[in-house]
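Residue strings, one per chain:
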Amino acid sequence: MQQIKAGVVGYPVIQSLSPLIHGHWIAQYGLSGSYEHIEIIPDQFDRVIGHIIDENEYDGFNITAPYKQSIMTFCDVLEDTAKDIGAVNTVIINNGHVTGRNTDAFGFIANLKMQQPALELKGSKALILGAGGAARAVIYGLRDEGVSDIYITNRTSSKAAELATDFQNDSCNCHVVPWEERASFSATHGIDIALTVNTTSLGMLGKSPLEFDVGKLPDDSYVYDIVYAPLHTQILNDAVARDLKIVTGLGMLLHQARPAFEAWFGIMPDLDDALINKITKAAQ
Ligand code: ATR
């Protein structure tokens, strides 16, 4: 049986749950292979990653912070999703040929559809909190699903404006909302926001809380937090208390791993309860 070798590159990377996820699938499908943490310190990134690619030992790897952009110059081909998002989270190596892919938008949308299949995205309006790398993948995914208006709000408003320009097209209008008006603007302007997504790091264990008053959102709207530690963040608890529907973030991590696993191991894996429980426990 062919021995497949993959891993996750980052710094620091020991906290990454990806080896647990891919290891679960390798065992579940009785495959021969490995998936490991690959820590590279920043001033050695170019040398080490170049060496890893030249050695032809790996079939590919995931890339996490802070290297999702730096890896792009090492790719012979960048898939459209990676180009538009401006980041690569998955690398596939075939006989020395390096392909850069981004599966974060897929993970974001697949998790949304799994948890809230009734939400109709086509023609809807969404509010995005944050304008970093994660926001780019989220906006890409929502635009691809036919969301007609995306309202972006960020502490640093120039970054929100940059994203609005990058993702605006004929079928999707992107708008910038002042950070101070993030909770009130939909009610003030009568904008029917169907989905609010937190893509900032606020609310994460050890980080400052996200201040957002869900009381002003439309009664039938949904709230999605991509933060998964804790799984039930304050904004999600507030949304539940208001009877709004919610989407928790851990599924995005699990779903983004599926197409990467398929690229290396040839099987699109399912999410079973054993994996969801294992990763939920590990993330807390
Ligand atoms: P990621 O790739 O996870 O998106 P990032 O690119 O560093 O990480 O983006 C982090 C996001 O969280 C940004 O939108 C950031 O806002 P700024 O662009 O103003 O930095 C947001 N964020 C982080 N700390 C914040 C804070 N204390 N208040 C408001 N927003 C914050």
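Up top is the structure.
Participant: How should I be thinking about the sheet that holds strand β4 (residues 77-78) in this particular structure?
Facilitator: In any sheet, the strands associate via hydrogen bonds between backbone groups, in a parallel or an antiparallel arrangement. Taken together, the six strands give an open sheet; going across it, the order is β2-β1-β3-β5-β6-β4, and neighbouring strands pair in mixed fashion. Sheet topology places β2 (33-39) and β4 at the edges, where each strand pairs with a single neighbour. Strand direction decides the pairing type here: strand β1 (residues 4-10) and β2, joined by seven bridges, are parallel. Bridge pairing links Val8 to His37 in β2.

Participant: Can you walk me through the pattern of salt bridges in this structure?
Facilitator: Pairs can form between side chains of opposite charge once their charged atoms are near each other. Evaluated as defined, the whole model comprises nine salt bridges. The salt bridge partner of Asp84 is Arg143, with a shortest N-O separation of 3.8 Å. Within this pair, whereas Asp84 is found in helix α3 (residues 80-85), its partner Arg143 is found in helix α5 (residues 133-144), the two being separated by 59 residues in sequence. Of the residues examined, Arg143 reaches a relative accessible area of 18% and is grouped as buried. Ionic pairing is found between Glu145 and Lys113, a salt bridge with its closest N-O pair at 2.9 Å. Taken together, the residues span a long stretch of sequence, with Glu145 in the loop between α5 and β8 (149-153) and Lys113 in helix α4 (residues 104-115) at a distance of 32 residues. Residue Glu145 is classed as partly exposed on the basis of its relative accessible area of 24%. Exposure remark for Lys113: the relative accessible area of 43% places this residue in the partly exposed category.

Participant: Where do I start with the site of the ligand in this structure?
Facilitator: Neighbouring residues of the ligand: 13 residues in total, closest Ala134, Asn154, Arg155, Thr156 and Lys159. Between Ala134 and the ligand, the recorded distance is 2.9 Å, taken from a backbone N or O atom to an oxygen atom. Here an oxygen atom of the ligand sits 2.8 Å away from a polar atom, N or O, in the side chain of Lys159. Here the ligand, which alone exposes 640 Å², has 65% of that area covered by the protein. For the shell around the ligand, the class distribution of residues is four nonpolar, seven polar and two charged.

Participant: Honestly, the nonpolar core in this entry has me stumped. Any pointers?
Facilitator: When a protein is soluble and globular, its nonpolar side chains tend to lie buried together. Phe108, Ile128, Leu142, Ile150, Ile152, Leu195 and Tyr224 are the most contacted members of the largest nonpolar core, which totals 34 residues. Counting residues per element, the ones that place at least two in this core are α4, β7 (125-129), α5, β8, α6 (157-167), β10 (195-198) and β11 (222-225). At six residues, the largest contribution of residues to this core is made by α5. Excluding residues within four positions of it along the chain, Ile128 makes contact with Ala135, Val138, Ile139, Leu142, Ile150, Tyr151, Ile152, Thr153, Val197 and Thr199.

Participant: Is there a simple way to explain the side chain of Thr199 in this structure?
Facilitator: Tracing the backbone shows Thr199 in the loop between β10 and β11. Side-chain polar atoms of Thr199 contact the backbone oxygen of Leu129, separated by 2.7 Å. Thr199 has contacts with Ile128, Leu129, Gly130, Ala131, Ala134, Ala135, Val138 and Ile226, leaving out every residue within four places of it along the chain.

Participant: Would you mind going over the packing of helix α1 (residues 18-28) against helix α10 (residues 273-283) with me for this structure?
Facilitator: Helices that pack against each other are described as a pair by the angle of their axes relative to one another and the distance between those axes. In the contact formed by α1 and α10, the axes pass within 10 Å of each other and the chain directions differ by 160°. Our classification of the angle between α1 and α10 gives roughly antiparallel. Crossing handedness for the pair α1 and α10: right-handed. Taking contact as the criterion, the partners of Leu20, Ile21, His24 and Trp25 in α1 are, on α10, Ala274, Leu275, Lys278, Ile279 and Ala282.

Participant: Just to check I follow, could you spell out the pairing of β10 for this structure?
Facilitator: Of the two faces of β10, the one holding Leu195 and Val197 and the one holding Thr196 and Asn198 are both buried throughout. In terms of strand pairing, β10 meets β11 through four bridges, oriented parallel. Residue pairing across strands places Leu195 opposite Tyr222, the latter belonging to β11.

Participant: Is there a simple way to think about the environment of Asn169 in this case?
Facilitator: Locating Asn169 in the fold gives a position in the loop between α6 and β9 (173-176). Judged by relative accessible area, which is 31%, Asn169 ranks as partly exposed. A distance of 2.9 Å separates a polar side-chain atom of Asn169 from the backbone nitrogen of Cys172.

What counts, and at which threshold
Residues numbered from 1 in each chain as written. Predicted model: local features only at pLDDT ≥ 70, side-chain atom pairs only at ≥ 80, totals over all residues. Heavy atoms only, no water. Pairing = 2+ DSSP bridges. Helix = DSSP H or I, 4+ residues; strand = E, 2+ residues; numbered from the N terminus. Salt bridge = Lys/Arg side-chain N within 4 Å of Asp/Glu carboxyl O. Buried < 20%, exposed > 50% of the residue type's maximum accessible area, 1.4 Å probe, protein only. Near = heavy atom within 4 Å. Polar contact = N/O pair within 3.5 Å; in protein donor to acceptor, adjacent residues only side chain to side chain. Areas by Shrake-Rupley, 256 points an atom, 1.4 Å probe, with all protein chains shown as cover. Nonpolar A, V, L, I, M, F, W, Y, C, P; charged D, E, K, R; others polar. Core = buried A, V, L, I, M, F, W, Y, C linked by side-chain atoms within 4.5 Å. Contact = heavy atoms within 4.5 Å. Axes fitted to C-alpha atoms, helices over the stretch in contact; angles between N-to-C directions. Parallel < 35°, antiparallel > 145°, perpendicular 65-115°, else oblique. Left-handed = near helix turned anticlockwise from the far one by under 90°.

Fair warning: the whole summary comes from geometry, so function is off the table for now.
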